Amino acid sequence: MLVPVYNQNDGVTAYVTTFAAINRNANYPDYAFAVLDKLLSKGEMNEPRIYGRLLSGVPVYTGAAGGEPAFAGSNPHQHLRDQYKELLEMVNQVRFLTSVDQEMARSLAPVRDARDSTREDVEETVDRVYTTMKMMVAES
């Protein structure tokens, strides 16, 4: 099941959680670009040997507009493919997750995943995460 994150622009925000980049001080930027170009190509992204276990079932290449999305390492049920395609057409905003976003998700995961979390556990965790995030913002 895909859960859209609706935004104030009557669309959906896509969150970029993983990306690749080349440092501007790289000794061999052309070679680095060639490696990334190969690893992020449609053929490689659909190669189970490389991405199958890591991204199983995750849409990794959308192809041309209106084309069918490809899913790494698996072939999900048609309703998931249809839902993804519909959601993709609604995206009108993209946001990269920051280190603060990632810290929040990492820190909240244990209390979110625990079956026996109490309201007090949640409140204590949120308070601790909020304090950590404030410190991270102050340091930046």
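All figures in this text were calculated on a predicted structure; none of them were measured in a lab.

Focus: the pattern of salt bridges
For step 1, the next point in the chain: Summed over the entire model, instances satisfying the criterion amount to four salt bridges.
For step 2, the next point in the chain: Asp 101 is the partner of Arg 95 in a salt bridge, and the nearest nitrogen-oxygen pair spans 3.2 Å.
For step 3, the next point in the chain: For Asp 101, a relative accessible area of 15% gives the class buried.
For step 4, the next point in the chain: Note that Arg 119 and Glu 123 form a salt bridge whose closest N and O atoms lie 3.0 Å from each other. Here Arg 119 and its partner Glu 123 are both found in helix 6 (residues 119-139), four residues apart, which amounts to about one turn of the helix.

Comments concerning a negative patch on the surface
For step 1, the next point in the chain: Among the surface-exposed residues, Asp 116, Glu 120, Asp 121, Glu 124 and Asp 127 lie close enough to one another that they form a single negatively charged patch.
For step 2, the next point in the chain: Residue placement: Glu 120 occurs in helix 6.
For step 3, the next point in the chain: Judged by its relative accessible area of 52%, Glu 120 falls in the exposed class.

Comments concerning helix 4 (residues 78-90)
For step 1, the next point in the chain: Between the first and last C-alpha of helix 4 there are 19 Å, a value that for 13 residues agrees with the 18 Å anticipated at 1.5 Å per step.
For step 2, the next point in the chain: Burial in helix 4 covers these residues: Leu 80, Arg 81, Tyr 84 and Leu 87. The buried residues of helix 4 occupy one face: seen down the axis, they fall within an arc of 130°. Summarising the geometry of helix 4, the exposed residues directed more than 90 degrees from the buried face are His 79, Glu 86 and Glu 89.

Side note on the packing of helix 5 (residues 99-113) against helix 6
The axes of two packed helices give the description: the angle between them and the distance between them.
For step 1, the next point in the chain: Contact pair helix 5 / helix 6: the axes reach a minimum separation of 10 Å and the direction vectors enclose 160°. Taken together, helix 5 and helix 6 sit at an angle that is classed as roughly antiparallel. Like other packed secondary-structure pairs, helix 5 and helix 6 cross with a definite hand, here right-handed. On helix 6, the residues touching Ser 99, Val 100, Glu 103, Met 104, Ser 107, Leu 108 and Val 111 of helix 5 are Asp 121, Val 122, Thr 125, Val 126, Val 129, Thr 132, Met 133, Met 136 and Val 137.

Remarks on the environment of Gln 78
For step 1, the next point in the chain: Relative to the helices and strands, Gln 78 resides in helix 4.
For step 2, the next point in the chain: Using a relative accessible area of 41% as the deciding quantity, one classes Gln 78 as partly exposed.
For step 3, the next point in the chain: Of note is the side chain of Gln 78, whose polar atom sits 2.7 Å from the side chain of Asp 82.

Notes on the packing of aromatic side chains
For step 1, the next point in the chain: On inspection of all chains with the given rule, the structure shows one aromatic pair.
For step 2, the next point in the chain: Taking 5.9 Å as the distance between ring centres and 50° as the angle between the ring planes, the aromatic pair formed by Tyr 28 and Tyr 31 counts as tilted. Residues Tyr 28 and Tyr 31 agree in their burial class; the two are exposed.

Thresholds, definitions, all that
- Residues numbered from 1 in each chain as written.
- Predicted model: local features only at pLDDT ≥ 70, side-chain atom pairs only at ≥ 80, totals over all residues.
- Heavy atoms only, no water.
- Salt bridge = Lys/Arg side-chain N within 4 Å of Asp/Glu carboxyl O.
- Buried < 20%, exposed > 50% of the residue type's maximum accessible area, 1.4 Å probe, protein only.
- Helix = DSSP H or I, 4+ residues; strand = E, 2+ residues; numbered from the N terminus.
- Patch = residues over 30% accessible without salt bridge, like charges linked within 9 Å, V, L, I, M, F, W, Y side chains within 5 Å.
- Areas by Shrake-Rupley, 256 points an atom, 1.4 Å probe, with all protein chains shown as cover.
- Lys, Arg positive; Asp, Glu negative; His and termini not counted.
- Charge placed at Lys NZ, Arg CZ, Asp CG, Glu CD.
- Expected span 1.5 Å × (residues − 1).
- Arc of directions from axis to C-beta.
- Axes fitted to C-alpha atoms, helices over the stretch in contact; angles between N-to-C directions.
- Parallel < 35°, antiparallel > 145°, perpendicular 65-115°, else oblique.
- Left-handed = near helix turned anticlockwise from the far one by under 90°.
- Contact = heavy atoms within 4.5 Å.
- Polar contact = N/O pair within 3.5 Å; in protein donor to acceptor, adjacent residues only side chain to side chain.
- Phe/Tyr/Trp six-rings, centres within 6.5 Å; stacked < 30°, edge-to-face > 60°.

That is the geometry; function is a separate question.
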